[in-house]
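Architecture and fold: a report
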Amino acid sequence: MRRFLRPGHDPARERLKRDLFQFNKTVEHGFPHQPSALGYSPSLRILAIGTRSGAVKLYGAPGVEFMGLHQENNAVTQIHFLPGQCQLVTLLDDNSLHLWSLKVKGGVSELQEEETYTLRGPPGAPPSTTQITVVLPHSSGELLYLGTESGSVFVVELPSFHVLDNQTISSDTVLQWLPEEARNRRVFEMVEALQEHPRDPNQILIGYSRGLVVIWDLQASRVLYHFLCSQVQLENVTWQRDGRLIVTCHSDGSYCQWPVSSDAQQSEPLRSSVPYGPFPCKAITKIFWLTTRQGLPFTIFQGGMPRASYGDRHCISVLRDGQQTAFDFTSRVIDFTVLSEAEPAAAFDDPYALVVLAEEELVVIDLQTAGWPPIQPPYLASLHCSAITCSHHVSNIPLKLWERIIAAGSRQNAHFSTMDWPIDGGTSLAPPPPQRDLLLTGHEDGTVRFWDASGVCLRLLYKLSTVRVFLTDADPNESLNAQGEDEWPPLRKVGSFDPYSDDPRLGIQKIFLCKYSGYLAVAGTAGQVLVLELNDEAAEHAVEQVEADLLQDQEGYRWKGHERLAARPGPVHFEPGFQPFVLVQCQPPAVVTSLALHSEWRLVAFGTSHGFGLFDHQQRRQVFVKCTLHPSDQLALEGPLSRVKSLKKSLRQSFRRMRRSRVSSRKRRPAGPPAEMQAASAKAERTGLQNMELAPVQRKIEARSAEDSFTGFVRTLYFADTYLRDSSRHCPSLWAGTNGGTVYAFSLRVPPAERRMDEPVRAEQAKEIQLMHRAPVVGILVLDGRSVPLPEPLEVAHDLSKSPDMQGSHQLLVVSEEQFKVFTLPKVSAKLKLKLTALEGSRVRRVGVAHFGSSRAEDYGEHHLAVLTNLGDIQVVSLPLLKPQVRYSCIRREDVSGIASCVFTKYGQGFYLISPSEFERFSLSTKWLVEPWCLVDSVKPKNHSRPSHGNGTGTGPERASGQARNTGSQSDGEEKKAGPVMEHALLNDERVLKEIQSTLEGGRGRMNRTGVRAAS
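Residues numbered from 1 in each chain as written. Predicted model: local features only at pLDDT ≥ 70, side-chain atom pairs only at ≥ 80, totals over all residues. Heavy atoms only, no water.

This part takes up the overall build of the protein. A count of helices and strands for the protein gives 10 helices and 62 strands. Across the 1016 residues of the protein, 56% fall into the buried class. Summed over its atoms, the accessible surface of the protein is roughly 43,600 Å², and 48% of this surface lies on carbon and sulfur atoms. (Helix = DSSP H or I, 4+ residues; strand = E, 2+ residues; numbered from the N terminus. Buried < 20%, exposed > 50% of the residue type's maximum accessible area, 1.4 Å probe, protein only. Areas by Shrake-Rupley, 256 points an atom, 1.4 Å probe, with all protein chains shown as cover.)

For the bond running from Gly-277 to Pro-278, omega is 5°, close enough to zero to count as cis. Mapped onto the elements of the fold, Pro-278 is located in the loop between strand S21 (271–273) and strand S22 (284–290). At the junction of Leu-879 and Pro-880, the peptide bond is cis and its omega measures out at 0° in the coordinates. Checked against the element boundaries, Pro-880 lands in the loop between strand S57 (873–878) and strand S58 (884–889). Positioned with a positive phi, Ser-221 is a non-glycine residue whose angle comes to about 50°. By the element assignment, Ser-221 lies in the loop between strand S16 (212–217) and strand S17 (222–228). For Ser-221, a relative accessible area of 39% gives the class partly exposed.

Right, let's talk about the environment of Leu-194 for a bit. Mapped onto the elements, Leu-194 comes out in strand S14 (residues 191–196). Leu-194 gets classed as buried once you look at its relative accessible area, which sits at 6%. On a C-alpha basis, the gap between Leu-194 and Gly-147 in space is 7.2 Å, while along the polypeptide they are 47 residues apart. If near-sequence neighbours (up to four positions away) are discounted, Leu-194 is found in contact with Val-134, Leu-136, Tyr-145, Leu-146, Gly-147, Val-153, Ile-204, Leu-205 and Ile-206. (Contact = heavy atoms within 4.5 Å.)

Let us look at a negative patch on the surface. On the surface, Glu-72, Asp-93, Asp-94 and Glu-113 cluster together into a negatively charged patch. Its place among the elements puts Glu-113 in strand S9 (residues 108–118). (Patch = residues over 30% accessible without salt bridge, like charges linked within 9 Å, V, L, I, M, F, W, Y side chains within 5 Å. Salt bridge = Lys/Arg side-chain N within 4 Å of Asp/Glu carboxyl O. Lys, Arg positive; Asp, Glu negative; His and termini not counted. Charge placed at Lys NZ, Arg CZ, Asp CG, Glu CD.)

Another point: the packing of aromatic side chains. Considering all chains together, one arrives at 25 aromatic pairs under this definition. Residues Phe-298 and Trp-372 carry aromatic rings whose centres are separated by 6.1 Å and whose planes lie at 50° to one another, so their mutual orientation is tilted. Highlighted residues: Phe-298 in strand S23 (residues 298–303) and Trp-372 in the loop between strand S28 (362–366) and strand S29 (374–375), separated in sequence by 74 residues. Its relative accessible area of 4% is what places Trp-372 among the buried residues. Here Phe-624 and Phe-746 contribute two aromatic rings whose centre-to-centre distance is 4.3 Å and whose plane-to-plane angle is 15°, an arrangement assigned as stacked. In this pair, Phe-624 sits in strand S46 (residues 621–627) while Phe-746 sits in strand S49 (residues 742–749), placing the two residues 122 residues apart along the sequence. Grouping residues by exposure puts Phe-624 and Phe-746 together as buried. Against the face of Phe-336 rests Lys-286, its NZ or CZ located 5.3 Å from the ring centre. (Phe/Tyr/Trp six-rings, centres within 6.5 Å; stacked < 30°, edge-to-face > 60°. Lys NZ or Arg CZ within 6 Å of the ring centre and 35° of its normal.)

Next up on the list: the nonpolar core. The biggest cluster of nonpolar side chains holds 34 residues, and the ones touching the most others in it are Ile-405, Leu-438, Leu-440, Phe-450, Leu-520 and Phe-578. When residues in this core are grouped by element, the largest group, 4 residues, is from helix H4 (residues 399–412). Not counting the four nearest positions on each side in its chain, Phe-450 is found in contact with Ile-405, Leu-438, Leu-439, Leu-440, Arg-459, Leu-460, Leu-461, Tyr-462, Leu-464, Leu-513, Leu-520 and Phe-578. Judged by nonpolar contacts, the second largest core, of 33 residues, contains Tyr-718, Ala-720, Val-777 and Leu-879. (Core = buried A, V, L, I, M, F, W, Y, C linked by side-chain atoms within 4.5 Å.)

Read from one edge of the open sheet, 4 strands run S14-S15-S16-S17, paired in antiparallel fashion. In this open sheet, the two edge strands, each paired with only one partner strand, are S14 and S17. Each strand axis lies, on average, 20° off the axis of its neighbour in the sheet, ignoring direction. The pairing of S14 with strand S15 (residues 203–208) spans 5 bridges and is classified as antiparallel. Following the sheet pairing, Leu-194 is matched in S15 by Ile-206. (Pairing = 2+ DSSP bridges. Axes fitted to C-alpha atoms, helices over the stretch in contact; angles between N-to-C directions.)

We now examine the pattern of salt bridges. Think of it this way: side chains of opposite charge can pair up when their charged atoms draw near. Scanning the entire structure with this criterion turns up 29 salt bridges. The residue Arg-505 makes a salt bridge to Asp-503 at a minimum N-O spacing of 2.7 Å. Across the salt bridge formed by Glu-759 and Arg-749, the nearest N and O atoms sit 3.2 Å from each other. Of this pair, Glu-759 sits in the loop between S49 and strand S50 (762–770) while Arg-749 sits in strand S49, and the two are 10 residues apart along the sequence.

Structural data, given as structure tokens:
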């Protein structure tokens, strides 16, 4: 039997691999890209968001979330929950209706599409006859009322979507019941509003765009009341809770109140108001009129701002008892709803929260607290409030550091309401996270945001701004609410989305956090490197400045890029949290391309396209700088804005190669009829263009010329305590890898602690390795005598790792874009290597060391390399033998931006951007998973009273949510089945790809559910 096995095939190893590795795309963090619809279920207390790419996302209590994807990929225009049921109906822009259900399967809820239906008119009828404008689910849960552009209201039976033709309410039928003075065909046109009577399910309100509003009796099929505002166009209608008053809003910025009584028909409204008149105003597109137990009702509406002065503002106004505020959003308002008393028999609405879906964020306003403060969302974070430029993940944060970061962040959240998160439907079935993880994102505006990435919800903990260190056009102390209290309209800025950067040079490019010491290094677009430490108190001090000249006075080089940022002189006030104490300014001020921090030695290393340097942040002095420029590296001196020249040059070269290939093919082609030759030539040109656009780079590993541009670009920096000079003594060392395939090694002499401030750190170049194929070096790693990666600084001192084996011989692993190579230390002789499949054009883009725990044996685990290639594949490669273990297809190869944004964690997980505002989370480990896991049950009685005011955002134990997405595991080499995953919809949109790419290029555990799964 053994002779039929493949060479090297070990059944025991294959079983072990199944226990260690499994690929899952688990959850999407952030805010849905291009939202287009909003829905809310008062009975389930669940919010739904639809997107322009056809996705539907449901959110309940923190961690309770579901996702579905329409197969058509059309925009979702409306979402309506069926009253009291775990079902919802979506309307797409292709006029199709879709019925979704939350069904319990295997103990958890799943979102499934049940039926789809498109309303059809009679043969030859115009499309407007059945073009749906309004959807009203009846309280019975069995009927849908569909208002159309033609003015007719169709009735559809659920769940079969059977049209009840005998119940259709046509405009002609309504016309028969109107008095003579109201019988004007122009009062109809399209249906703008459909509302069910709050007390009587046999009555519905129909609003037509020309200003006619009728109350229709469903049993008698007749008009009970009619109201006519023929002067202006009707936008929307709302009904007071007791059914005695309706409120209409109009295109001229006015709203009108109409009493509903059996007395004489009202020809004029009870009251008409233009809130922001008397000047011409924009339309009020939606309005709520909500009664309260104490005091006057709430009037909440969208739009209505003065057209000339504030017509470009995106506002929602709240009026009550003389108090009026226009909440001003920085992005377009898609829709909004108000959360109020859910019990239909209640006498008053008593609204408690305003939920606004804007184009770039979700904002929730507390309507119970004086001043109407915002509530901090525990999910749907606006990750792209300023464009993301880099990210950094830190696993297993010590409790002390975690609490200090949260404490610093809580001081920044004082303006938020203390109300518990009001959207709290569903029940979590997941255990709490086994450890605390941080995801740090750097942004274009010079901020670093700290996110709790431990569970399903990505929650903002703390925001660090580096702007105060520099002189910019903006005043760091200016408030969002710059407008005076007596100004009119009473605008108030809300939300965190701010796409405008004061200065693109502030952009953060590299982040490095030491979780044991609390030191943080941050590097930016203009060559600035800041070293910060965590301080629990506010402080005012000057930031020491040191200049690092990476060109070392070399002649013939002139920087043509942007200028450095001017540092703020004198003492600067810093809030509690991370406070900078030293600024290292690289010269020329090019983008910092690599960064490393060793908190035990108090050293920080930084690299740019010109070279790298080492800085002692304890003595505040420069240790050394090394210029890596090649004489031909002129592009490195031009800055990011000058690269257009090189792009034009490469395009010219591409077309020249195509031209040469066509000429050579013509020379080889035998003579034939002219028509055939012309057709063949056209075909060859089309093929050439297709190959240029679509084919991956196909070449074998070959030596690159030393004259290639950017050879001095420093790609990676690495600190290690290892054997560098001889095998008898180990010493601290710094390793640097460049774009030209060169590895520099410097031995360091760090004085002992008692003399650390008296003696300088000394460095001496000990090795220089030149890879023969000159491919860019993307990773460097030293393995100890047990072939285990060296621990992080201070990890052993905190008893969180075994001491490295310093008895056996150490090994150096150098990862280039095209191969992995292991060298022995200290001789640096090649031991073994692994070439990537060069014929497929595969190149390494990201590499990280991860620990993979077994799902069966609690105490067994292995260290391996997680590798992402330019083809979007993820491979796991063993250490130190460099044997490929598994390979999965993760990201589409066309998604260059997603590949560039990927970051690995220490436990076999990863994140990458699927849109400018969303991270996709994936896992390579069977043991460490963070995925949705929850239950929604409509039968279970729920307390629908207003939420209490507690400790803020309702963030308690992490909740997980349902199997709303097909996240099935994927075996080695198996293509993942297409499921309702948002990523597929987003990445079909080229605009999304370009938007992420421009952001990234601008500057140049599911839990450890061992109790559930490991037992199986």
